[in-house]
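In case you want the letters, here they are:
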Amino acid sequence: MSERATEARSANAVQRCIIPECNSAYGIRERIYVCPRCGGPLEIQCRLESCGDANVLRKQWTDRAGSNDPRDRSGVWRYRELLPFDFDVPVVSLFEGKTPLYDAPRSAEYCGLRSLQVKHLGCNPTGSFKDAGMTTAVTHAALLGARTVVCASTGNTAASLAAYAARAGLQCAIVVPQGQVTSAKLAQSMDYGAAVLEIDGNFDDAMRLVQELADDASIYLANSINPFRVEGQKTVAFELLQQCEWKLPDHVVAPGGNMGNSSALAKGFDELRQLGLIDRLPKLHVIQAEGSAPMARMFAEMEKNRVARDGSVMPDIVPVADPKTLATAIKIGSPISWKKSLRGVLRSGGRVLAASEQEIADAKAIIGRDGIGCEPASATTIAGIRKMVVAGNMGRTESVVAVLTGHILKDPDYVNRYHNGTLSLGSSSPMKGAFANPPERVAANKSAILASIERRNHKSGGVPRAKN
Ligand code: F0G
């Protein structure tokens, strides 16, 4: 199929309200973030029948991996047939996506699985998964002629938006909870030239504020409430399946904060199924941090009350007023995209659960022992997988992919405190890390260094094991 045949992608797409009783549709050039009629969440609906033959598409996507066309060098725009943009729009890209899928044998052993793969979205240009969605959102903002792009953030959305806004020559303002964003993330936003606006409040307060700002016609809101963000992020599902040679994993596990990522993964898998490229959905599980887990609580209540798991009944979420966790990226009490996310989880037969601070911290360290660093929020996945294996919700020989969302260098302070035994939440006593590996002061001579190496060899045998 030639690119001309599908050139008018935008003519085949609408923004649609996901509330079944409303179901209203709007043009994709309308600058709206929720349904103007009922206030429900919007999602982009592309006419998939107009995308062409699925097997031809699959081959075309594979062939593009070797191409030097700037759009093919992006792991998002490579899948442009499924994006709501005409092929000739100028894209704002940092060559995002194309992130690795690794085997993680030590993490697998820790979880009680025979094998485990991790998809590391922290290898994106600004160090987090946000880049896959920011390339499409900022491209859309530029198309609409926005002057200023804004977001509320726990740090990564901000760093990513700041970078893409700089590429597009747009003004950028980020609204963040003062004192709750890691210095690495703030440093990125400052360097990319954004106005860094720190408020006295938490992420949920910042989110409310930017939604008010978005009424202003010159402002474009780039949080994942914006369905054009989700469009870019859904391509992670396409790239993952391509890397798995189109063999569907049994389970895909993602961290949950504002719930944009899990919503996007669900949409991506759903579109692949509609196209016939996969014949079922992987079970999509979302893991939150225990002190910031409104959706996990809701899921537990639904299970207890035996609420139908087909998504036909969804009680309202009860926000957590004062969310707490050391995984600051997901310190969110009122997730904006919970409806889309929960719908995706339920449709796939997945689960939502919470992991404790200790579980997250040890899981983060074991991923490190696989030579794959990530930030704390990402490690909720490994903690959640381990719990699901122990509870019998995941079989030892099933295929599992954990989605890691941020780079280890996003929060080095957390890592240092874990290994030095000073990591604690609030006034609680410091955690004892199962895999703590503090530095050792040694005498400045060869024999002292050799003695230390020998001692460690005898102690651990090289493979760390968690106590169950
Ligand atoms: N992991 C990391 C590293 C994150 O930065 C976030 C969210 C999540 C997981 C959760 O993803 O919100 O799509 O469910 N960070 C946002 C931010 C809130 O502002 O950077 P989600």
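Provided above is the structure to which this section pertains.
A brief report on the enclosed structure follows. (Residues numbered from 1 in each chain as written. Predicted model: local features only at pLDDT ≥ 70, side-chain atom pairs only at ≥ 80, totals over all residues.)

In this section: the overall build of the protein. When you go through the protein residue by residue, the secondary structure sums to 15 helices and 13 strands. Relative to the 2.2 N^0.38 estimate, which gives 23 Å for 468 residues, the radius of gyration of the protein is 22 Å and therefore close to what a compact globule would have. Along the first, second and third principal axes, the C-alpha atoms of the protein reach 70 × 55 × 45 Å. When burial is assessed residue by residue, the protein has 49% of its 468 residues classed as buried. Relative to all contacts within the protein whose residues are 6 or more apart in sequence, the contacts with residues 24 or more apart total 72%. (Helix = DSSP H or I, 4+ residues; strand = E, 2+ residues; numbered from the N terminus. Rg over C-alpha atoms; globule rule 2.2 N^0.38 Å. Buried ≥ 20, exposed ≤ 12 C-beta atoms within 10 Å, placed from the backbone. Contact = placed C-beta atoms within 7 Å.)

Quick look at helix H10 (residues 294–304) now. Turning to H10, its buried residues number three or more, namely Pro294, Met295, Ala296 and Phe299. Here the buried face of H10 lies against strand E11 (283–289), helix H11 (338–348) and strand E12 (352–355). Phi turns positive, to about 50°, at Arg306, one or two residues after H10.

This part covers the sheet that holds strand E3 (residues 42–46). What the three strands build is an open sheet, ordered E2-E1-E3; its pairing is antiparallel. The open sheet has two edge strands with one neighbour each: strand E2 (25–26) and E3. (Pairing = 2+ DSSP bridges.)

Right, let's talk about the sheet that holds strand E10 (residues 251–255) for a bit. Strand order in the open sheet made by the six strands is E4-E5-E13-E10-E11-E12, with mixed pairing throughout. Edge strands, defined here as strands with exactly one partner in the open sheet, are strand E4 (101–103) and E12. Averaged over all neighbouring strand pairs, the angle between strand axes comes to 30°, with direction disregarded. As defined by bridge partners, E10 adjoins E11 across five bridges and the pair is classed as parallel. Within E11, the residue paired with Pro255 across the bridge is Ile287. Its contacts with the sheet place H10 against E11 and E12, and it is angled at close to 125° to E12. (Axes fitted to C-alpha atoms, helices over the stretch in contact; angles between N-to-C directions.)

A word on the packing of helix H12 (residues 357–369) against helix H13 (residues 376–390). The description of two helices packed together rests on the angle between their axes and the distance between the axes. Contact pair H12 / H13: the axes reach a minimum separation of 7 Å and the direction vectors enclose 95°. In terms of orientation, H12 and H13 fall into the roughly perpendicular class. Residue-level inspection shows Glu359, Ile360, Ala363, Lys364, Ile366 and Ile367 of H12 in contact with H13, the latter providing Pro376, Ala379, Thr380, Ile382 and Ala383. Across the contact of H12 with H13, the residue classes break down as eight nonpolar, one polar and two charged. (Parallel < 35°, antiparallel > 145°, perpendicular 65-115°, else oblique. Nonpolar A, V, L, I, M, F, W, Y, C, P; charged D, E, K, R; others polar.)

The full set close to the ligand counts 22 residues, and Asn156, Gly257, Asn258, Thr405 and Gly406 are the nearest of them. Secondary structure elements with two or more residues in the shell around the ligand: helix H4 (156–168), helix H9 (260–275) and H13. Tallied by class, the residues present in the shell around the ligand amount to five nonpolar, 16 polar and one charged. (Near = placed C-beta within 6 Å.)

For the rest of this paragraph, the subject is unusual backbone geometry. The phi dihedral of Lys98 is positive, around 55°, even though this residue is not glycine. With respect to the helices and strands, the residue Lys98 is situated in the loop between helix H1 (54–64) and E4. Note on Lys98: 15 C-beta atoms within 10 Å, which makes it partly exposed. One non-glycine residue, Trp246, adopts positive backbone phi at about 65°. One can find Trp246 in the loop between helix H8 (235–243) and E10.

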